[in-house]
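Examination of the molecular architecture
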Amino acid sequence: MNIWMNNLLRIVFVVCVAYPVALVWLGITVRYREHLPLKGPAIIAANHNSHLDILTLLSLFPLFSIPNIQPIAAADYFFKNAFLKWFSLKVIGIIPINRKTIKRGEDPLQGCCDALRAGKILILFPEGTRGDPENLAELKSGIGHLAKRFPEVPIVPVFMHGLGRSLPKGAWVPIPLFISIAIGKPLYWMDDKHTFMTALKQRFLYLKQKLYSISDPL
C-alpha cells in the first residue's frame, strides 16, 4: 500500500508541478530524445546547475516511467528537516547519499546498487554539486565506482543549458527562459576508471557543443 501511495504521489507531482513548470513556464527543446531510457536498469548522468535540474529531467519521461526513476541526492541537504526528508523520499523518490560521515564498513553506494538491481533508472549528477551556470565542473569518481560494479548498465549522458540562469543560487522563482537539452548515446564501463571518466567528460562536452548545432547527427 505504501509503495502504491508513493508512486501516486510522484505521478501527481510530475503532472501538477514538473510538467507545467518545465514544459509550459520554461519551455524545453530536447535533442536526441530517442536516447532516453524508458526502462531500467539505467543511469542518467546529467550536469548540475540548478534546483530545477531534477524537476526538468523528470519532465522528460512519460508517466509510466516515473515510479521507476530515482534521483541520487545529498542526505545532508535534503534531510535538513522532517518535511523536506519526507518530501524527498516519498514524492521525489531520492536515494540519499551521505557525503560527510561514512561509518566503518558502510557502503555509500548500497542504495544505488539495490535500485539498479531492482531495475530502476537512476538520475545522478557526477559534478556532485551545483556549478557555475553552463560550465562543467570536475566530475566526481562515484559514478565510476558504480559503473564498474554494473558494467552492463547503460549510462546516458545528458547536458542541460539554461537552468543555471533560469533559477540561479539564492533564487526562488524561475525566470521563463528557454531550456535546451541534449541526450547522448549510452556509455558503458571501460577498462579502468580514468578511461571511463575521461570518456564521460568528453561526451558531456560534445553534447554541450551539439546544443548550438542544428545538424550533424550524434
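It should be noted that the structure appears before, not after, this text.
The structure contained in this document is the topic of the report that follows. (Residues numbered from 1 in each chain as written. Predicted model: local features only at pLDDT ≥ 70, side-chain atom pairs only at ≥ 80, totals over all residues. Heavy atoms only, no water.)

This part takes up the overall build of the protein chain. A tally of helices and strands in the protein chain yields eight helices and seven strands. In the protein chain, buried positions account for 49% of the 218 residues. Sequence-distant contacts in the protein chain: of pairs separated by 6 or more residues, those separated by 24 or more amount to 76%. (Helix = DSSP H or I, 4+ residues; strand = E, 2+ residues; numbered from the N terminus. Buried < 20%, exposed > 50% of the residue type's maximum accessible area, 1.4 Å probe, protein only. Contact = heavy atoms within 4.5 Å.)

Another point: the sheet that holds strand 1 (residues 28-31). Ordered in space as 1-7-6-2-5-3-4, the seven strands form an open sheet in which the pairing is mixed. Across the chains shown, the open sheet's two edge strands, defined by having one partner strand only, are strand 1 and strand 4 (95-97). Strand-to-strand, the axes of this sheet are offset by a mean angle of 25°, without reference to chain direction. Relative to strand 6 (residues 155-161), strand 2 (residues 42-46) runs parallel, the two sharing four bridges. Residue pairing for strand 6: Ile44 is matched across the bridge by Val156. (Pairing = 2+ DSSP bridges. Axes fitted to C-alpha atoms, helices over the stretch in contact; angles between N-to-C directions.)

Attention now moves to the pattern of salt bridges. Between side chains of opposite charge, a pair can form as their charged atoms come close. If you walk through the whole model with that rule in mind, you get three salt bridges. In this structure, the salt-bridge partner of Arg149 is Asp107, at a minimum N-O distance of 2.7 Å. Placement of the pair is Arg149 in helix 6 (residues 142-149) and Asp107 in the loop between strand 4 and helix 5 (110-117), with a sequence separation of 42 residues. Glu138 is paired through a salt bridge with Lys201; the nearest N and O atoms lie 3.1 Å apart. Highlighted residues: Glu138 in the loop between strand 5 (121-124) and helix 6 and Lys201 in helix 8 (residues 193-210), separated in sequence by 63 residues. Taking relative accessible area as the criterion, Glu138 reaches 57% and is therefore assigned exposed. (Salt bridge = Lys/Arg side-chain N within 4 Å of Asp/Glu carboxyl O.)

Looking now at the environment of Ala22. Position of Ala22 relative to the elements: it lies in helix 1 (residues 2-26). For Ala22, a relative accessible area of 0% corresponds to the buried category. For the pair Ala22 and Ser59, spaced 37 residues apart in the sequence, the C-alpha separation amounts to 6.6 Å. Look past the residues within four positions of Ala22 in its chain and what remains in contact with it is Gly27, Ile28, Leu55, Thr56 and Ser59.

Right, let's get into the state of the cysteines. Per the stated rule, a full pass over the model turns up zero disulfides. Of all cysteine sulfurs in the structure, the one in Cys113 sits closest to Cys112, which takes part in no disulfide; the separation is 6.7 Å. Here Cys112 falls in the buried class, since its relative accessible area comes to 1%. (Disulfide = S-S within 2.5 Å.)

Below, the discussion takes up the layout of surface pockets. Estimates place the volume of the second largest pocket at around 230 Å³. If you tally residues by element for the lining of the second largest pocket, the top one is helix 1, at four residues. Of the residues in the lining of the second largest pocket, the class split is three nonpolar, five polar and three charged. (1 Å grid on protein atoms, 1.4 Å probe; cavity = no way out; pocket = protein on both sides within 12 Å on 5 of 7 lines; lining within 4 Å. Points joined across faces, edges and corners; volume = space filled by probe spheres on them. Nonpolar A, V, L, I, M, F, W, Y, C, P; charged D, E, K, R; others polar.)

Packing of helix 1 against helix 4 (residues 82-92) leaves a shortest axis separation of 7 Å and a crossing angle of 90°. The orientation of helix 1 with respect to helix 4, classified from their angle, is roughly perpendicular. Between helix 1 and helix 4, the residues in contact are Asn6, Leu9, Arg10 and Phe13 and Trp86, Phe87, Lys90, Val91 and Ile92, respectively. Of the residues assigned to the contact of helix 1 with helix 4, the class counts are six nonpolar, one polar and two charged. (Parallel < 35°, antiparallel > 145°, perpendicular 65-115°, else oblique.)

With that out of the way, let us pick up the nonpolar core. What tends to happen in soluble globular proteins is that the nonpolar side chains get buried as a cluster. By size, the foremost hydrophobic cluster in this structure holds 34 residues, and its most contacted members are Ile44, Leu57, Leu58, Phe61, Val158, Met160 and Ile181. Mapped onto this core, the elements with two or more residues apiece are helix 1, strand 2, helix 2 (52-59), strand 3 (69-74), helix 4, strand 5, strand 6 and strand 7 (179-183). Looking at this core, the element that brings in the most residues is helix 1, giving six residues. Residues Ile72, Leu124, Ala182 and Phe196 belong to the second largest nonpolar core, which totals 32 residues. (Core = buried A, V, L, I, M, F, W, Y, C linked by side-chain atoms within 4.5 Å.)

Turning to helix 6, a few remarks are in order. Residues spaced three or four apart along an α-helix face the same direction, because each turn holds 3.6 residues. Within the sequence span of helix 6, burial applies to Ile143, Gly144, Leu146 and Ala147. For helix 6, the buried positions fall inside an angular range of 165° around the axis, keeping them on one side. Where helix 6 is buried, its residues contact strand 2, helix 5, strand 5, strand 6 and helix 8. (Arc of directions from axis to C-beta.)

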